[in-house]
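An overview of the molecular structure
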Amino acid sequence: MGKTIAHILFYTPWERKRIARVVFALTLASLVWSFFSHTLLHQLQQPVLKFPYVDVTYWVMHYLQLPQLITGHFWLACLFDLALFTFCVLCYIYPEKRWYVWSFIGLYLIYFITFNTFGGHHTNHKIGFLLMAIPFTVTNYKSFNYLWQGLRYFLLFAYTDAFLWKFFRWAWLHADQGMLIMKKNQAAYLYLNPDTFFAGLYRWLLQQPMLVNGAYIAGTILEGVFIIGFFTRKYDKYLLVFSILLPLGFWLTADAYFFEFLVLSLTLVNFHAIYAPRRFANNLKRGALTPV
Amino acid sequence: MKKTFLYQVWLHNKKLFYIMAIFTVLTVGANLAGDQVTPFFVWGMYSAKEEPVRQYSILQTTINDSMVVDPYDRPICDTRFYLTSPLAWYKKIKDNNSVDPTQSFLQAKLSPARFESLGFLQNALFNNRQQQDAFFPWYARYLTQVTTTPVQSIRIDEIKVHYAGPKLVVDSIHLFNRWEKP
């Protein structure tokens, strides 16, 4: 049975296996999504312009020539993508096999860096998939639980950090901040698609500065609310809702795509509450338990 | 104190504690320095004050002199990212007199001796002229794959617009670059 020690909810090995299945199923869905987005490494068409910027991890990768080596050879890139999919599927089937998980993490790190460097921008939306597999690299179920909770803190930190950056740079007090972000990020859409429903919606929003600037401040406050999660798990279900609302807001107002980051929101879900009744019912059905 | 997460990790497994503590310290350090080093991420997006601008710039891609590429046609967002972001990066390089802006940034931040010490990394870090010249052949290949139309020529227009109330008004359109398949 799962048990709570202080603020930590401990999942059993049985629950851990099911959580792993959820994580790797979502990761696989994301990879399939990347295939249809033409952004797997064999689909990048041997890109040439890189963007390591001042990130030392990217420097090391480029110094080792890994991104250019893989994307520069079509069949090698095919092999890489095949390995990425294969290890993801193996992690789904055998989540307790640690070397499958480690292999997947290594491959996904290379994919993550290569995707960003040749995309000309260091996006953050795939970070969730980069980190979600880490708790499954340990065999000890307690260590798994601490790492899983560590990921929960990572998610809380990400939103808290976003709040603190806005707060201490006084962006929340800057006049028209929300409106100016929307104007900048939606200009191309309004130019290329002036007659769509969303263009109409944006034109309407552009006439409601109070609403748009208010949404920016509301979003900042919602990010700040995640600080509560450092002290108690009691409000996790509300934080889960906020963690879904925020990417929707980023997408609608700033044209920023952050949905893949949602995978980290799984750490706010109480899987024990989901699995325990089901397991109890299954045991009852099998006759392993006798109702009193 | 004894109920804190890290203390419980310490009691459970010292090695795990050190890994988590180092990760936490480096992440906080990266945020204080304001520089992201994967996997110590900085979450400062949209925290910079947006200054009002007179004009916004849009890059429009036309292939084979007839088909305007609309990245928003493809609801799958990463396709849009790859259609627009590398092109924007290429333009930044060209606007910087064909010098990689990262190179300019590091030259401005580091002493000449320190920058020279990065010499062995230069090919790995910066986009040289040869790579810049290979950009449009790559862009043509990627556009061919995404649009399923063989690309013979690419025209990039820079469109300057401003807002008049909620409406977008075009101020100017000028040719940024044109490429034809040899």
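About the thresholds
- Residues numbered from 1 in each chain as written.
- Chains lettered and ligands numbered in written order.
- Predicted model: local features only at pLDDT ≥ 70, side-chain atom pairs only at ≥ 80, totals over all residues.
- Heavy atoms only, no water.
- Domains from an automatic or database assignment.
- Salt bridge = Lys/Arg side-chain N within 4 Å of Asp/Glu carboxyl O.
- Helix = DSSP H or I, 4+ residues; strand = E, 2+ residues; numbered from the N terminus.
- Buried < 20%, exposed > 50% of the residue type's maximum accessible area, 1.4 Å probe, protein only.
- Contact = heavy atoms within 4.5 Å.
- Pairing = 2+ DSSP bridges.
- Axes fitted to C-alpha atoms, helices over the stretch in contact; angles between N-to-C directions.
- Nonpolar A, V, L, I, M, F, W, Y, C, P; charged D, E, K, R; others polar.
- Buried area = accessible area lost by both parts, 1.4 Å probe.
- Polar contact = N/O pair within 3.5 Å; in protein donor to acceptor, adjacent residues only side chain to side chain.
- Core = buried A, V, L, I, M, F, W, Y, C linked by side-chain atoms within 4.5 Å.

One can read the domain layout of chain B as domain 1 (5-46) and domain 2 (56-180). The C-alpha centroid of domain 2 of chain B is placed 35 Å from the C-alpha centroid of domain 1 of chain B.

The final tally for this structure, using the stated rule, is 13 salt bridges over all chains. A salt bridge links Lys-126 of chain A to Glu-260 of chain A; the shortest N-O distance between them is 3.3 Å. Of this pair, Lys-126 of chain A sits in the loop between helix H5 (98-119) and helix H6 (127-132) while Glu-260 of chain A sits in the loop between helix H11 (236-254) and helix H12 (271-286), and the two are 134 residues apart along the sequence. Considered together, Lys-126 of chain A and Glu-260 of chain A belong to a single accessibility category, that of buried residues. Residues joined in a network through salt bridges with shared partners are Lys-91, Asp-95, Glu-158 and Lys-160 of chain B.

A separate point is the environment of Leu-155 of chain A. Structurally, Leu-155 of chain A is set in helix H7 (residues 141-168). With sequence-adjacent residues up to four places away left out, Leu-155 of chain A is seen in contact with Phe-261, Leu-264, Ser-265, Thr-267 and Leu-268 of chain A.

With that settled, consider the pairing of strand S1 (residues 56-63) of chain B. Residue and element names in this part refer to chain B. Of all eight residues in S1, six are buried, a share of seventy percent or more. Relative to strand S3 (residues 153-164), S1 runs antiparallel, the two being bridged by eight bridges. In the sheet register, Thr-61 faces S3, and the bridge partner there is Ile-156. Linking S1 back to strand S2 (residues 67-69) in an antiparallel pair, the connection comprises three residues, with Asn-64 at a positive phi of about 55°.

Moving on: the packing of helix H1 (residues 5-12) of chain B against helix H2 (residues 14-33) of chain B. Residue and element names in this part refer to chain B. Packing of H1 against H2 brings their axes to within 6 Å, and their N-to-C directions diverge by 145°. In this structure, H1 uses Phe-5, Leu-6, Val-9, Trp-10 and His-12 to contact H2, whose residues at the interface are Lys-14, Leu-16, Phe-17, Tyr-18 and Met-20. For the contact of H1 with H2, the residue count by class is eight nonpolar, one polar and one charged.

Contacts between the two partners involve 74 residues from chain B, matched on the other side by 86 residues from chain A. Taken together, the two surfaces of chain B and chain A that pack against each other cover about 7300 Å², and 66% of this comes from carbon and sulfur. Among the residues of chain B in contact with chain A, Trp-43, Tyr-46 and Glu-50 of chain B are the three that bury the most area, contributing 12% of the side total. For the pair chain B and chain A, the number of links is three salt bridges. Between Arg-80 of chain B and Asp-255 of chain A there is a salt bridge, with the nearest N and O atoms lying 2.9 Å from each other. Seen at the junction of chain B and chain A, the total is 33 residue pairs in polar contact (both at pLDDT 80 or more). Class assignment of the residues belonging to the side of chain B that touches chain A gives a composition of 46 nonpolar, 19 polar and nine charged.

Attention now moves to the domain arrangement of chain A. All names here are of chain A. For chain A, the assigned domains are domain 1 (1-139) and domain 2 (148-279). Summed over both sides, the interface of domain 1 with domain 2 buries roughly 2400 Å², with 71% coming from carbon and sulfur. If you look at where domain 1 meets domain 2, you find one salt bridge. Across the domain 1-domain 2 interface, the total number found is eight residue pairs in polar contact (both at pLDDT 80 or more). Breaking the side of domain 1 that touches domain 2 down by element, the ones donating at least two residues are strand S2 (8-10), helix H1 (13-36) and H6. With nine residues, the top contributor of residues to the side of domain 1 that touches domain 2 is H1. For the side of domain 1 that touches domain 2, the residue count by class is 16 nonpolar, seven polar and three charged.

Here we take up the sheet that holds S1 of chain B. Residue and element names in this part refer to chain B. Overall, antiparallel pairing links the four strands, which are arranged S2-S1-S3-S4 in an open sheet. With partners counted over all chains shown, the strands left at the sheet margins are S2 and strand S4 (167-180), one partner each. Taken pair by pair, the neighbouring strands of this sheet meet at an average axis angle of 30°, ignoring direction. As paired strands, S1 and S2 are joined by three bridges and run antiparallel to one another. Among the inter-strand pairings, Thr-61 is bridged to a residue of S2, identified as Val-69.

Counting residues in hydrophobic clusters, the biggest one holds 104 residues, and the most contacted among them are Phe-104 and Trp-148 of chain A together with Ile-154 of chain B. Those residues within four positions of Trp-148 of chain A in sequence are excluded, and the remaining contacts are Tyr-11, Ile-19, Val-23, Met-132, Pro-135, Phe-136, Leu-266, Thr-267 and Phe-271 of chain A. The next biggest cluster of nonpolar side chains, apart from the first, holds 18 residues, and it includes Met-182, Ala-187, Leu-205 and Val-212 of chain A.

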